[in-house]
Amino acid sequence: QMQLVESGGGLVQAGESLRLSCTASARSLNTYGVGWFHQAPGKEREFVAAISRDGGNYYYADSVKGRFTISRDNAKNTVYLQMNSLKPEDTAVYYCAARQFVMPGPTITPSYWGQGTQVTVSS
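Presented here is an overview of the structure given in this document. In this text the structure is predicted, and so the values were computed from the model without any measurement.

About the thresholds
- Residues numbered from 1 in each chain as written.
- Predicted model: local features only at pLDDT ≥ 70, side-chain atom pairs only at ≥ 80, totals over all residues.
- Heavy atoms only, no water.
- 1 Å grid on protein atoms, 1.4 Å probe; cavity = no way out; pocket = protein on both sides within 12 Å on 5 of 7 lines; lining within 4 Å.
- Points joined across faces, edges and corners; volume = space filled by probe spheres on them.
- Helix = DSSP H or I, 4+ residues; strand = E, 2+ residues; numbered from the N terminus.
- Nonpolar A, V, L, I, M, F, W, Y, C, P; charged D, E, K, R; others polar.
- Disulfide = S-S within 2.5 Å.
- Buried < 20%, exposed > 50% of the residue type's maximum accessible area, 1.4 Å probe, protein only.
- Pairing = 2+ DSSP bridges.
- Lys, Arg positive; Asp, Glu negative; His and termini not counted.
- Salt bridge = Lys/Arg side-chain N within 4 Å of Asp/Glu carboxyl O.
- Polar contact = N/O pair within 3.5 Å; in protein donor to acceptor, adjacent residues only side chain to side chain.

Looking now at the layout of surface pockets. Considering only enclosed or pocket space, the largest pocket measures out at about 230 Å³ in volume. Every residue lining the largest pocket is counted, 15 residues in all, and those nearest its centre are His38, Lys43, Glu46, Ser63 and Glu89. Counting only elements with at least two residues in the lining of the largest pocket, the list comes to strand S4 (32-39) and strand S5 (46-51). Residue classes in the lining of the largest pocket are distributed as four nonpolar, four polar and seven charged.

Written out as structure tokens, the structure reads:
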């Protein structure tokens, strides 16, 4: 069973940056595509970004293109989400999720989820 732990969330002002980390334990992430999702209060969970097993392929939700960057370090068993130019509408709980061999996304359900980390952006 894989465990995913997110970190790096916090309270920032609009325009500032945060970097989220997702670290796996009990299993290597090397064969897993990993995605980030977020859920704002009163809304459904939404896809944010995903990266392939080797980091060579990735894609983003339109709302974060040009502002967020997903990356991974398989030696550290960790995936990152660099979030720049944050907006109040980015406020949400951010979850990382993994699925073996493929990238999770809006139509590909992850097999494993982390517990989430809160990101709050004030105006």
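Quick look at the state of the cysteines now. Applying the stated criterion across every chain, the model contains one disulfide. Between the sulfur atoms of Cys22 and its disulfide partner Cys96 the distance amounts to 2.0 Å. Taking the sign of the S-S torsion, 60° for the link of Cys22 and Cys96, the bridge is right-handed. Of this pair, Cys22 sits in strand S3 (residues 18-25) while Cys96 sits in strand S9 (residues 92-100), and the two are 74 residues apart along the sequence. The same class applies to Cys22 and to Cys96, which are both buried.

Let's shift gears to the pairing of S3. The side chains of a regular strand alternate between the sheet's two faces. Note that strand S1 (residues 3-7) and S3 share five bridges and pair antiparallel. Within S3, the position partnered with Leu4 by the bridge is Ala24. With six bridges joining them, S3 and strand S8 (residues 78-83) adopt antiparallel strand pairing. Across the sheet, residue Arg19 finds its bridge partner in S8, namely Gln82.

Tracing the backbone shows Arg72 in strand S7 (residues 68-73). As a buried residue without a salt bridge, Arg72 has its nearest oppositely charged side chain in Asp54, at a separation of 7.1 Å. From its side chain, Arg72 meets the backbone oxygen of Arg53 in a polar contact 3.3 Å long. For Arg72, the side chain forms a polar contact with the side chain of Asn74, separated by 2.8 Å.

That's the geometry; what it means functionally is another story.
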